[in-house]
Amino acid sequence: QVQFVESGGGLVQPGGSLRLSCTVSRSIFSINAMGWYRQARGKQRELVADITTAGSTDYLDSVKGRFTISRDNAKNTLYLQMNSLKPEDTAVYYCNHGLGLPLYSWGQGTQVTVSS
């Protein structure tokens, strides 16, 4: 069983930045793709970004150029650097297997609120 602990969320003003971290309970080296998902209130969860073991990345159109996903296999940790945040980025952010295939149980997520 794989478990995720997300952290780094908070309240930030529009235009601000946050760096999210996701610590995984086992080696992520063997997980072919890891992803960040988000769920805004009243909306379905959506894939924001993912990264393969080869380092190939993909992003939701609305976050391209603002968000950067990375992974540290040695630390079993996934990151999401979020810049130029907008109110519409407000959501609970989760990590899981990528490619739109969340194969594992969800963690508690981390709340990101973008508001002035």
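Predicted model, so just to flag it, every value in this text is computed and none were measured. (Residues numbered from 1 in each chain as written. Predicted model: local features only at pLDDT ≥ 70, side-chain atom pairs only at ≥ 80, totals over all residues. Heavy atoms only, no water.)

> Is there a simple way to explain the pattern of salt bridges in this structure?
Here the idea is simple: oppositely charged side chains can pair when their charged atoms come close. Across all of its chains, the model carries four salt bridges by this definition. Among the salt bridges present, the one from Arg 38 reaches Asp 89, with a minimum N-O distance of 3.0 Å. You can see Arg 38 sitting in strand S4 (residues 33–39) and its partner Asp 89 sitting in the loop between strand S8 (77–82) and strand S9 (91–97), a full 51 residues away along the chain. Classification of Asp 89 as buried rests on a relative accessible area of 1%. Asp 89 is the partner of Arg 66 in a salt bridge, and the nearest nitrogen-oxygen pair spans 2.8 Å. On the criterion of sequence distance, the pair formed by Arg 66 in the loop between strand S6 (57–59) and strand S7 (67–72) and Asp 89 in the loop between S8 and S9 is long-range, its members being 23 residues apart. Across the pair, exposure class does not vary: Arg 66 and Asp 89 are buried alike. Bridged by salt links that share partners, the residues Arg 38, Glu 46, Arg 66 and Asp 89 form one connected network. (Salt bridge = Lys/Arg side-chain N within 4 Å of Asp/Glu carboxyl O. Helix = DSSP H or I, 4+ residues; strand = E, 2+ residues; numbered from the N terminus. Buried < 20%, exposed > 50% of the residue type's maximum accessible area, 1.4 Å probe, protein only.)

> Looking at this structure, how should I read the state of the cysteines?
Linking two cysteines covalently via their sulfur atoms produces the bond known as a disulfide. Per the stated rule, a full pass over the model turns up one disulfide. With a sulfur-sulfur separation of 1.8 Å, Cys 22 is cross-linked through a disulfide to Cys 95. On the S-S bond that ties Cys 22 to Cys 95, the torsion sits near 50°, and the link is right-handed. You can see Cys 22 sitting in strand S3 (residues 18–24) and its partner Cys 95 sitting in strand S9, a full 73 residues away along the chain. In this pair, the class of Cys 22 matches that of Cys 95, namely buried. (Disulfide = S-S within 2.5 Å.)

By themselves, these observations are geometric and do not establish any function.
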